[in-house]
Amino acid sequence: MAAIHTFGHPNAAVPRTRWAAPAHGQAGESAVSTIVAAPPPVLLPNPPNAPTLAVGTPSGLQVSWAAPAIDATHAAASGYNLQYSPSGAGTWTMLSNVASPYALTGLAAGTAFDVQVQATNAAGASAWSPASTLATAAAAPNPPNAPAVASVAPVTDGSVTRLAVIWTAPAVDGSHAAATGYNLRFSPSGAGTWTTVSGVSSPYTITGLTGASAIDVEVQATNAAPSPSAWSATVTGTTWGATVALGNWVPAASQVHNTSVAPSGGVNMTATPAPTAVTGAAFAWSGGTAAIPTSGLIAAGADGQNNGWGQWFNTPATAGTYYLWLIAEGAGGTTIGALVTAAITVT
């Protein structure tokens, strides 16, 4: 191939090329030269803004961030790194190739952490974002011990449908925290068909029961721990078997000591089988409502009204505040129903 010569003035804007015609027997085309332009350089991304932190799992944080802005000197981010440290310590732990939102787990409970995010692309990594700081949730306390049920007893309001449950707070020890709440469950005795009531306090009254029914009761303590205590030991109570109500001789709220009960000289009541048969009735004075009197009973007799019992008797011999009990009796003189009045002032 003939030589190719290039002519042109050194200051010419465009060089001109001239070549000789190919000799006889040579190819008629010149060699082709290809010039490939170098790719533009890849720019680093901007750093992200400070991440947004939220409390996640009991020992974690939820971290969120937005993609950084693209400008003339910064390209788009294609990935992210994250680092965290106990707040102010500067002992960073780095996690590579993460995405928003990211769940940080396994952190110390009740501890503040600094968190930063860094953007990356093919050119490298940006500077770290400003730090955001948030504390993880406090550690959950230990669960409480099981409480102890002190009593399950029929309510002394004359009904047969209710049982009053009293329990004591469980002890606090090295592995059990204090109780802040309670659940209660009850079942026909021995059946194990529990009805559970949550968020109750002592004393608690179970309602909607039937007369002369034995009911198993258990109580469970709760606090902020994920699990409650074990259930208490089972305590069984039995509802009254007869309903008791005041008759038409109702004692006045103010009385004179050692005189006939005003205004009728006595008191009467109804004692209705529900379902236990009523064989007798009695009245009694007491200084409180905590326990049904077992002494000083005033026997009542049938007064002619349906399920009616009554008696004439005196007020207490000394002045004070008293309560009058109306008691229904079953076989063997056992108490099968009771009603206690409001306070009566005796002068």
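Refer to the structure above for everything that follows.
(A) Layout of the pairing of strand E22 (residues 298-302). In this sheet, E22 lies alongside strand E21 (residues 280-286) in antiparallel orientation, the contact comprising 3 bridges. Within E22, the position partnered with Phe283 by the bridge is Ile298. As defined by bridge partners, E22 adjoins strand E23 (residues 308-312) across 2 bridges and the pair is classed as antiparallel. Counterpart to Ala302 in the pairing with E23 is Trp309. The antiparallel hairpin formed by E22 and E23 contains 5 residues in its connecting segment, where Gly304 sits at a positive phi of about 90°.

(B) Representation of the pairing of E23 in the model. Where strand E20 (residues 266-273) lies against E23, 5 bridges are found, and the strand directions are antiparallel. Bridge pairing in E23 places Asn268 opposite Gly310.

(C) Structural detail: the sheet that holds strand E16 (residues 214-222). Taken in spatial order, the 4 strands of this open sheet run E14-E13-E16-E17, and their pairing is antiparallel. Of all strands in the sheet, those with a lone pairing partner are strand E14 (195-200) and strand E17 (235-238), marking the two edges. Adjacent strand axes in the sheet meet at a mean angle of 30°, parallel and antiparallel pairs treated alike.

(D) Geometry of the packing of aromatic side chains. One pass over the structure, following the stated rule, counts 7 aromatic pairs. Plain terms: the ring middles of Trp285 and Phe313 are 6.3 Å apart, the flat faces sit at 70° to each other, and that makes the pair edge-to-face. On the criterion of sequence distance, the pair formed by Trp285 in strand E21 and Phe313 in the loop between E23 and strand E24 (320-329) is long-range, its members being 28 residues apart. Per residue, the accessibility class of Trp285 equals that of Phe313, and both read buried. A ring pair is formed by Trp285 and Tyr322, whose centres lie 6.4 Å apart and whose planes are at 80°; its orientation type is edge-to-face. Taken together, the residues span a long stretch of sequence, with Trp285 in strand E21 and Tyr322 in strand E24 at a distance of 37 residues. Note on accessibility: Trp285 and Tyr322 belong to one class, buried. We note Arg185 situated over the ring of Trp194; from NZ or CZ to the ring centre the distance is 4.4 Å.

(E) Just unusual backbone geometry, in detail. Geometrically, the link from Ala262 to Pro263 is a cis peptide bond, its omega value of 5° lying close to zero. Structurally, Pro263 is set in the loop between strand E19 (254-255) and E20. Pro275 follows Ala274 through a cis peptide bond whose omega is 5°. Look at Asn97: it is not a glycine, yet its phi comes out positive at around 55°. Inspection of the secondary structure assignment puts Asn97 in the loop between strand E6 (93-95) and strand E7 (102-104).

(F) Up close: the layout of surface pockets. By volume, the largest pocket is sized at about 190 Å³. Along its surface, the largest pocket is lined by Ala153, Pro154, Val155, Thr156, Ala164, Trp240, Thr289, Ala290, Ala291, Ile292 and Trp325. Class assignment of the residues belonging to the lining of the largest pocket gives a composition of 9 nonpolar, 2 polar and no charged.

(G) Quick peek at the nonpolar core. With 22 residues, the main nonpolar core has Met269, Phe283, Trp285, Trp309, Phe313, Leu324 and Leu326 as its most contacted residues. Looking at this core, the elements that each hand over two or more residues are strand E18 (242-246), E20, E21, E22, E24, strand E25 (335-340) and strand E26 (344-346). Here this core takes 4 residues from E24, the largest share from any one element. Formed by 15 residues, the second largest nonpolar core is a distinct cluster that contains Val152, Phe186, Val219 and Ala221.

(H) Structural detail: the sheet that holds E7. Taken in spatial order, the 3 strands make up an open sheet running E3-E4-E7, and their pairing is antiparallel. With partners counted over all chains shown, the strands left at the sheet margins are strand E3 (52-55) and E7, one partner each. Taken pair by pair, the neighbouring strands of this sheet meet at an average axis angle of 25°, ignoring direction. As judged from the 3 bridges shared by strand E4 (residues 61-64) and E7, these two strands associate in the antiparallel manner. Paired with Leu61 across the bridge in E7 is Leu104.

(I) Structural detail: the side chain of Asn121. Looking at where Asn121 falls in the secondary structure, it is placed in strand E8 (residues 112-121). For Asn121, a relative accessible area of 13% translates into the label buried. Residue contacts for Asn121: discarding those within four places in its chain leaves Val42, Leu43, Leu44, Pro45, Ala75, Ala76 and Ser78.

Cut-offs used in this document
Residues numbered from 1 in each chain as written. Predicted model: local features only at pLDDT ≥ 70, side-chain atom pairs only at ≥ 80, totals over all residues. Heavy atoms only, no water. Pairing = 2+ DSSP bridges. Helix = DSSP H or I, 4+ residues; strand = E, 2+ residues; numbered from the N terminus. Axes fitted to C-alpha atoms, helices over the stretch in contact; angles between N-to-C directions. Phe/Tyr/Trp six-rings, centres within 6.5 Å; stacked < 30°, edge-to-face > 60°. Buried < 20%, exposed > 50% of the residue type's maximum accessible area, 1.4 Å probe, protein only. Lys NZ or Arg CZ within 6 Å of the ring centre and 35° of its normal. 1 Å grid on protein atoms, 1.4 Å probe; cavity = no way out; pocket = protein on both sides within 12 Å on 5 of 7 lines; lining within 4 Å. Points joined across faces, edges and corners; volume = space filled by probe spheres on them. Nonpolar A, V, L, I, M, F, W, Y, C, P; charged D, E, K, R; others polar. Core = buried A, V, L, I, M, F, W, Y, C linked by side-chain atoms within 4.5 Å. Contact = heavy atoms within 4.5 Å.

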